[in-house]
Amino acid sequence: MHRAVIFYALILNRFFASVECVKRRLNPLEAYLVVMSNADRAGGLVLAATPKMKQVHHIKTGSRMYELPTWDKRIIIAPPRMKLYLKVNAMIQAIFRRYVPAEFIHVYSIDECFLDITGSHLLFGSTEEIVRKIQRDILEELRLYVTVGIGDNPLLAKLALDNVAKNRDDGIAEWRYEDVPETIWKIRHLDDVCGIGRRTAVRLQKMGIFNMYQLSQTPPQLLKNAMGVVGEQLYYHSHGIDYSLLNEKYVPISKSYGKSQILEKDYHVPAEVEIVIREMVEEVAMRLRQNHVDTAVIHLSIGYSKYSIKKGFSHQAKIPPTSSSHALIPYFLQLFRRYDEREPVRSIAISCGKITLKTGLQLNLFEDATRTLNHEQLEITVDKIRTRYGFKSLMHASSLLNGATGLKRSEMVGGHKG
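In this text, all values refer to a predicted model and were calculated from it rather than measured experimentally.

Visitor: Would you mind going over the overall build of the chain with me for this structure?
Guide: Along its length, the chain carries 14 helices and 15 strands. Expressed as a percentage of the 418 residues in the chain, the buried residues total 44%. Taking all contacts inside the chain whose residues are at least 6 apart in sequence as the whole, residues at least 24 apart take part in 64%. Entry remark: accessible area of the chain is about 23000 Å², with carbon and sulfur atoms responsible for 53%.

Visitor: Please explain empty space enclosed by the protein as it appears in this structure.
Guide: Over the atoms, a rolling probe the size of a water molecule traces out where space has been left empty. According to the stated counting rule, one finds one cavity of 30 Å³ or more in the structure shown. If you add up the space inside the largest cavity, you get close to 40 Å³. Residue lining of the largest cavity: Tyr267, His268, Val269, Pro270, Val273, Phe336, Asp340, Arg342, Glu343 and Val345, and that is the complete set. Of the residues that constitute the lining of the largest cavity, the class distribution is six nonpolar, one polar and three charged.

Visitor: Would you explain the packing of aromatic side chains in this entry?
Guide: The way to describe two aromatic rings as a pair is by their centre distance and the angle between their planes. Evaluated as defined, the whole model comprises eight aromatic pairs. Centre to centre, the rings of Tyr108 and Phe114 are 5.6 Å apart; their planes meet at 80 degrees, and the pair counts as edge-to-face. A relative accessible area of 43% means that Tyr108 is categorised as partly exposed. Overall, Phe114 belongs to the buried group, its relative accessible area being 7%.

Visitor: I keep staring at the sheet that holds strand 2 (residues 33–37) and nothing clicks. Help me out?
Guide: Hydrogen bonds along the backbone pair up the strands of a sheet, which may run parallel or antiparallel. Strand order across the open sheet formed by three strands is 3-2-4, with mixed pairing between neighbours. In the strand order of this sheet, the two ends are held by strand 3 (45–49) and strand 4 (76–78), each with one partner. Adjacent strand axes in the sheet meet at a mean angle of 35 degrees when their direction is disregarded. Bridge count for strand 2 against strand 3 is four bridges, and the pairing is antiparallel.

Visitor: I tried to follow the nonpolar core on my own but got confused; where do I start?
Guide: Across soluble globular proteins, nonpolar side chains show a tendency to be buried alongside one another. Ile138 and Leu144 are the most contacted members of the largest nonpolar core, which has 34 residues in total. Elements with a contribution of two residues or more to this core: helix 1 (15–23), strand 2, strand 3, helix 3 (82–96), strand 6 (112–116), helix 5 (127–142) and strand 7 (146–151). Top element by residues in this core is helix 3. It accounts for seven residues. Core analysis: the second largest hydrophobic core is formed by 29 residues, Tyr257, Val273, Leu328 and Phe332 among them.

Cut-offs used in this document
- Residues numbered from 1 in each chain as written.
- Predicted model: local features only at pLDDT ≥ 70, side-chain atom pairs only at ≥ 80, totals over all residues.
- Heavy atoms only, no water.
- Helix = DSSP H or I, 4+ residues; strand = E, 2+ residues; numbered from the N terminus.
- Buried < 20%, exposed > 50% of the residue type's maximum accessible area, 1.4 Å probe, protein only.
- Contact = heavy atoms within 4.5 Å.
- Areas by Shrake-Rupley, 256 points an atom, 1.4 Å probe, with all protein chains shown as cover.
- 1 Å grid on protein atoms, 1.4 Å probe; cavity = no way out; pocket = protein on both sides within 12 Å on 5 of 7 lines; lining within 4 Å.
- Points joined across faces, edges and corners; volume = space filled by probe spheres on them.
- Nonpolar A, V, L, I, M, F, W, Y, C, P; charged D, E, K, R; others polar.
- Phe/Tyr/Trp six-rings, centres within 6.5 Å; stacked < 30°, edge-to-face > 60°.
- Pairing = 2+ DSSP bridges.
- Axes fitted to C-alpha atoms, helices over the stretch in contact; angles between N-to-C directions.
- Core = buried A, V, L, I, M, F, W, Y, C linked by side-chain atoms within 4.5 Å.

Here it is in structure tokens:
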């Protein structure tokens, strides 16, 4: 029996727009709707658009507010509601678990997911029957259309979805190992393949490789010499080979933890910039502690206003391994004060690198051990409260001062209003 992996995507990757249509009792396939962030600005960004918006007005994800044909009164502009989308996603996951155990489900993104249904056939029928049942359940219960790619592994399922299923009326396409010469090798554009971005495509083109068939006929050692292990992986992918098993998940230690934000206005007062840096460091430090890791290298990038003659700066520093907010904040502020040129600030990015698993509490000869332990215990307690009740449940009084962004951002999900 074929191993069957199915990959689903909601309404041709227009999940946000589809959910907004359903909430308004509109058909996602017929409505003229966009989900847009910052619609009050000319540069407002389209996060999702219905098929009609793309077909009629050529508006798609990434389009801007100034490109929208506002003369068309049929167009609905919806602000993003991330909490709603996450809630609907959870309802979809619950439907999946009717047919597949949780360990055989891999969430790829908020609107895409892999399911390994190999072990579900005895209970629910053939691959096609299971796919139809899932499509039916989601359509009847949530009024959302589902597009499905089927394959012997996640790679084949994803390629079938992206290259064929999205353009079919029934939203289903199936690619198997034996179909590779007539499927993968027929893909003309390299960047139509997941895992091959624009830069990778350019590198391959410089080697004389312009399509998937040419990639499949290139000696793997040549690809590895030119691109490292990625080149070798691309060779196997060109033959449809992917040994991933959904129930064997490996979570590596992150190489770095970071956070960035573009401020809503230019910050002319350094003290206000420092408030934002403090808030951002606290959030990143909380993630370090939750993952039981320390950082030994910190990095601060400051971008100046577009009206400034200077671009900004980016500097890093080595520090004793730590995950303490109390220890990290002074290091970041020291970097800012050392390199700031008193120009108006518009963007801030912080990151913590050289990550290692926490092995214990490190003290130096000049520290008060009791005080350090109390700081660590206090931070762990604050983390628990924030995890349960939200980040704004415990915040420093400085977050109420001018310039602070933490309170407002705590109500956002994925950088957008919840």
